[in-house]
Amino acid sequence: MGLGVRWTLHGDGRTPAPGAVVRPDERLSWPRTAGLGAQHVVAMFGASFVAPVLMGLDPNLAIMMSGVATMIFLLATRGKVPSYLGCSLSFVGVAAAIRASGGDSATVTGAVLVVAAVLFLAGLVVRKFGARVIHTAMPPVVTGAVVMLIGFNLAPVTATTYWPQDQWTALLVMLFTGLAVVCLRGFLSRIAIFLGLVFGYLLSWVLDLVFGKIHSPAGGAEAVDHWRLDLSAVGQADWVGLPSFHAPSFEWSAILVALPVVIALIAENAGHVKAVGEMTGDDLDDKLGTAIAADGAASVLSTAVGGPPNTTYSENIGVMAATRVYSTAAYWAAACFALLFGLCPKFGAVVAAIPGGVLGGITVILYGMIGLLGAQIWTNAKVDLRNPLNLVPAAAGIIIGVGGVSLKISDNFELGGIALGTLVVITGYHVLRAFAPAHLKSDGPLLDAGTSAYDEKDPLFGEDGKTDGK
């Protein structure tokens, strides 16, 4: 079987005929393919460099490894699933929790590496037994609750770290980004987060020129005078060079905090594969396990050298829907561009200089959107929260995750936040279901047909069949 790296020329290689699509095994002329690849890079940039910044990791390494991860994914799926793998936002809350308990970047990447390995194994299980095994262990009420508590657990990060650094810039960036998400159309709406960052960057520069330094916390608890936009590191950075690598370290407390995110990753991978299948007209259900395993393998490699985990990106699925060009050649071009960006330290310095107030305005929307994806999962599956079997474990787990409730097991071991909340949702649901009377279990079977059973008009996917989250 081929590796999916050979393409036939679509038509004359210039402009597809009206209504025609460029299939994954086809391509346009190489200059046009390169242009489409550049467009995919722009689409993934917004979230893909915000994620490592929020996790405290090197954005240059993150961008470079996103290119490597995409290549691994395309080879593993034999070019059947056109997708870009960018830095996952699902781990931002995990990174914040690990750092708050004294962990460093090595601890973060070590914990995430273990999650990536579990994701890889889950993909192998799905390849062997099909998607039914996942839906049995993690029905929509469980998946939705876990995604929700992961997103909303991030709220204190915005409120205590980013927003106080420059509250007025944060407010204006929040308003601009909200307007961009709602009012812009087509491709621009897909990069609204990126546009919000650019707006905040320029706004901070103008405010520094007009008003001078601001007196506020700058990454610490003590308020000091500082520039909103400090570009001193940009001038010192080289144009060409390797990013910063580091080895992971493994601590059980950090691993337990990170493990619940695997549930969100499995759910979003299933959604993305379904969305791509709907657009290309191909039945990709048999590729779901391979896609999940490839995502896990790519993330293991990335975190092993100090980078963030990766996942399929809905922004790039949106680009495909808008252009109707599904050629995997364009994704290979995007991956090559990402590798080149990763070798430019000056680019990384520009990214690292994003003002805290700008991140405050962006994360207010971004973190909320991540959390509300859980509600969209419930809506799609028609989860009945009037049923106490669904309501009780979800309610308890969410409050524990969002509120940071902890359970001290011993002097050296404590469960709390995301880890404890997820444990309560999963075990609580299945234990309660085992003892619940029959009439509470009549909402529908736990087993379903897998991804093919998803409703085409699922709010999680949107009207055009693409997801809205990472």
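This text follows the structure it describes.
Let me begin by describing the structure that accompanies this report. Given the structure is predicted, the values throughout are model-derived calculations rather than measurements. (Residues numbered from 1 in each chain as written. Predicted model: local features only at pLDDT ≥ 70, side-chain atom pairs only at ≥ 80, totals over all residues. Heavy atoms only, no water.)

1. Notes on the overall build of the protein
Then, number 1: A count of helices and strands for the protein gives 20 helices and eight strands.
Then, number 2: Across the 470 residues in the protein, those meeting the buried criterion constitute 54%.
Then, number 3: In the protein, of all internal contacts separated by at least 6 residues, the share reaching a separation of at least 24 is 79%. (Helix = DSSP H or I, 4+ residues; strand = E, 2+ residues; numbered from the N terminus. Buried < 20%, exposed > 50% of the residue type's maximum accessible area, 1.4 Å probe, protein only. Contact = heavy atoms within 4.5 Å.)

2. Points about helix H2 (residues 59–76)
Then, number 1: Between the first and last C-alpha of H2 there are 25 Å, a value that for 18 residues agrees with the 26 Å anticipated at 1.5 Å per step.
Then, number 2: The buried count for H2 comes to 14 of 18 residues, which makes it a mostly enclosed element.
Then, number 3: With a side-chain oxygen positioned 3.0 Å from the backbone nitrogen of Asn60, the residue opening H2 is Asp58.
Then, number 4: Where H2 terminates, the next one or two residues include Arg78, which has phi positive at roughly 55 degrees. (Expected span 1.5 Å × (residues − 1). Polar contact = N/O pair within 3.5 Å; in protein donor to acceptor, adjacent residues only side chain to side chain.)

3. Some points on the pattern of salt bridges
Then, number 1: Tallied over the full model, the rule gives four salt bridges.
Then, number 2: In this structure, Asp166 engages Arg228 in a salt bridge whose closest nitrogen and oxygen atoms are separated by 3.2 Å. With Asp166 in the loop between helix H7 (155–162) and helix H8 (167–183) and Arg228 in the loop between strand E5 (223–226) and helix H11 (232–236), the pair connects residues that are 62 residues apart, well separated along the chain.
Then, number 3: Under the relative-accessibility criterion, Asp166 is labelled buried at 7%.
Then, number 4: Look at the salt bridges and you will find they share partners, linking Asp166, Asp208 and Arg228 into a network. (Salt bridge = Lys/Arg side-chain N within 4 Å of Asp/Glu carboxyl O.)

4. As for unusual backbone geometry
Then, number 1: Despite not being glycine, Arg78 has its phi angle at roughly 55 degrees, a positive value.
Then, number 2: If you trace the backbone, Arg78 turns up in the loop between H2 and strand E3 (85–87).
Then, number 3: For Arg78, a relative accessible area of 29% puts it in the partly exposed group.
Then, number 4: In the Ramachandran plot, Lys382 falls in the positive-phi region, its phi being about 55 degrees despite a non-glycine side chain.
Then, number 5: Tracing the chain through its elements places Lys382 in the loop between helix H18 (356–381) and helix H19 (388–403).

5. Section: the packing of H2 against helix H14 (residues 288–304)
Then, number 1: The interhelical angle for the contact between H2 and H14, taken along N-to-C directions, is 150 degrees, at an axis separation of 9 Å. Looking at the two axes, H2 sits roughly antiparallel to H14. Note on packing geometry: the crossing formed by H2 with H14 is right-handed. Within the contact between the two elements, H2 uses Met65, Val68, Ala69, Ile72, Phe73 and Ala76 and H14 uses Thr290, Ala291, Ala294, Asp295, Ala298, Leu301 and Ser302.
Then, number 2: By residue class, the composition of the contact of H2 with H14 is ten nonpolar, two polar and one charged. (Axes fitted to C-alpha atoms, helices over the stretch in contact; angles between N-to-C directions. Parallel < 35°, antiparallel > 145°, perpendicular 65-115°, else oblique. Left-handed = near helix turned anticlockwise from the far one by under 90°. Nonpolar A, V, L, I, M, F, W, Y, C, P; charged D, E, K, R; others polar.)

6. What to know about the packing of aromatic side chains
Then, number 1: Inspection of the entire model under this criterion finds two aromatic pairs.
Then, number 2: Plain terms: the ring middles of Trp7 and Trp30 are 5.9 Å apart, the flat faces sit at 85 degrees to each other, and that makes the pair edge-to-face. Note that Trp7 is positioned in the segment before strand E1 (8–9) and Trp30 in helix H1 (residues 30–55), a separation of 23 residues in sequence.
Then, number 3: You can call Trp7 buried: its relative accessible area is 19%.
Then, number 4: Trp30 gets classed as partly exposed once you look at its relative accessible area, which sits at 44%.
Then, number 5: Between Phe176 and Phe199, the aromatic rings sit 4.3 Å apart at their centres with planes inclined by 5 degrees, giving stacked as the arrangement. A residue pair is termed long-range when its members are at least 10 positions apart, and Phe176 in helix H8 and Phe199 in helix H10 (residues 192–211) qualify at 23 residues.
Then, number 6: The exposure class of Phe199 is partly exposed, given its relative accessible area of 28%.
Then, number 7: Residue placement shows Lys346 over the ring face of Trp239; its charged tip is 5.1 Å from the ring centre. (Phe/Tyr/Trp six-rings, centres within 6.5 Å; stacked < 30°, edge-to-face > 60°. Lys NZ or Arg CZ within 6 Å of the ring centre and 35° of its normal.)

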